[in-house]
Amino acid sequence: MALRNIIFHGINEKQSLIQTFCTNAWTRNEEGGGDSMMTRSRQATEYPESVSAPPEPAPARILVIEDSPDLRKALQLLLGPKYETISIASGEGFFEEIDSYRPNLIIMDVVLPGKDGFQLCEMLRASPRHRHLPVLFLTAKKDTNSYIRCLNVYGDAYVNKPFAPKELIGTIERLLRR
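Everything quoted here is computed from the prediction, not taken from an experiment.

Conventions we followed
Residues numbered from 1 in each chain as written. Predicted model: local features only at pLDDT ≥ 70, side-chain atom pairs only at ≥ 80, totals over all residues. Heavy atoms only, no water. Phe/Tyr/Trp six-rings, centres within 6.5 Å; stacked < 30°, edge-to-face > 60°. Helix = DSSP H or I, 4+ residues; strand = E, 2+ residues; numbered from the N terminus. Buried < 20%, exposed > 50% of the residue type's maximum accessible area, 1.4 Å probe, protein only. pLDDT = per-residue confidence, 0-100. Contact = heavy atoms within 4.5 Å. Pairing = 2+ DSSP bridges. Right-handed = clockwise from strand over helix to strand, strands pointing away. Core = buried A, V, L, I, M, F, W, Y, C linked by side-chain atoms within 4.5 Å.

## What about the packing of aromatic side chains?
- Per the stated rule, a full pass over the model turns up three aromatic pairs.
- Ring geometry for Phe118 versus Phe137: centroids 5.2 Å apart, planes at 55 degrees, classification tilted. Highlighted residues: Phe118 in helix H4 (residues 117-126) and Phe137 in strand S7 (residues 135-139), separated in sequence by 19 residues.
- Judged by its relative accessible area of 3%, Phe118 falls in the buried class.

## Section: the confidence of the model for the protein chain
- Scored by pLDDT, the protein chain has a mean of 78; 70% of the residues are at 70 or more.
- When pLDDT is averaged over each helix and strand of the protein chain, the minimum, 35, is found for strand S1 (residues 2-6) and the maximum, 97, for strand S6 (residues 105-108).
- Low pLDDT (under 50) marks residues 1-30, which in the prediction has 56 contacts with non-local residues, meaning those over four places away or in another chain.
- Residue range residues 34-44 is modelled with pLDDT below 50. Its contacts to residues more than four positions away, or to other chains, number 30 contacts.

## Looking at the pairing of strand S4 (residues 61-65)
- Among the five residues that make up S4, four are buried, leaving the element largely enclosed by the rest of the structure.
- Sheet topology places S4 next to strand S5 (residues 84-88); five bridges connect them, and they run parallel. Paired with Ile65 across the two strands is Ile88, which belongs to S5.
- Traced from S4 through helix H2 (residues 69-79) to S5, the parallel crossover comes out right-handed.
- Sheet topology places S4 next to S6; four bridges connect them, and they run parallel. Each residue of the ladder has a partner; that of Ile65, found in S6, is Met108.

## What to know about the pairing of strand S8 (residues 157-160)
- Where S7 and S8 come together, four bridges link them in parallel fashion. For Leu138, the partnering residue across the bridge sits in S8 and is Val159.
- You can see the chain leave S7, run along helix H5 (residues 144-152) and come back into S8, and the turn it takes is right-handed.

## So, the nonpolar core
- The biggest cluster of nonpolar side chains holds 20 residues, and the ones touching the most others in it are Ile65, Phe94, Ile106, Met108 and Phe137.
- Looking at this core, the elements with two or more residues in it are S4, helix H3 (94-101), S6, H4 and S7.
- Top contributing element to this core by residue count: H4, with four residues.
- In contact with Phe137, other than residues within four places in its own chain, are Met108, Asp109, Val110, Gly117, Phe118, Cys121, Cys150, Val153, Gly155, Ala157, Tyr158 and Val159.
- In terms of nonpolar packing, the next biggest core, distinct from the first, is built from 18 residues, Leu71, Tyr83, Leu105 and Ile169 among them.

Put into structure tokens, the structure is as follows:
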């Protein structure tokens, strides 16, 4: 079969919309001698001149609450290529940071100066404006009681330090898909 002509029909808006997503091509059947119409989908990168490509989605915003400056920096480097991150050293000003930064996810340590991560999570879950935010606890506390407390304050995930980068990224991606 040989491709003869590409024919676009743009008589009305509906046809124009169809044109955006499909290309109609007439082909000739060499053996039988008849013409037939074939439709193929456009490739994702192919757009007519009148239609612009959809904008890239904005990266997810992650608020990190961690008292160790070295770990805050390491998390910035690990998450930076894929996510927009901001870090704070304690829960002081916690809600102000959330309101101004509007994160999609919060990663926090359990042991923090002032209020601990569990107390911050309880405050978050008590707030109608913020209770929907997923919370990932990233902590060196490996005891069962700490894990159970995470569940009791409605933490969404619990990752132990030291952590495997793939485990952390996988957990983040799972929480952001919800």
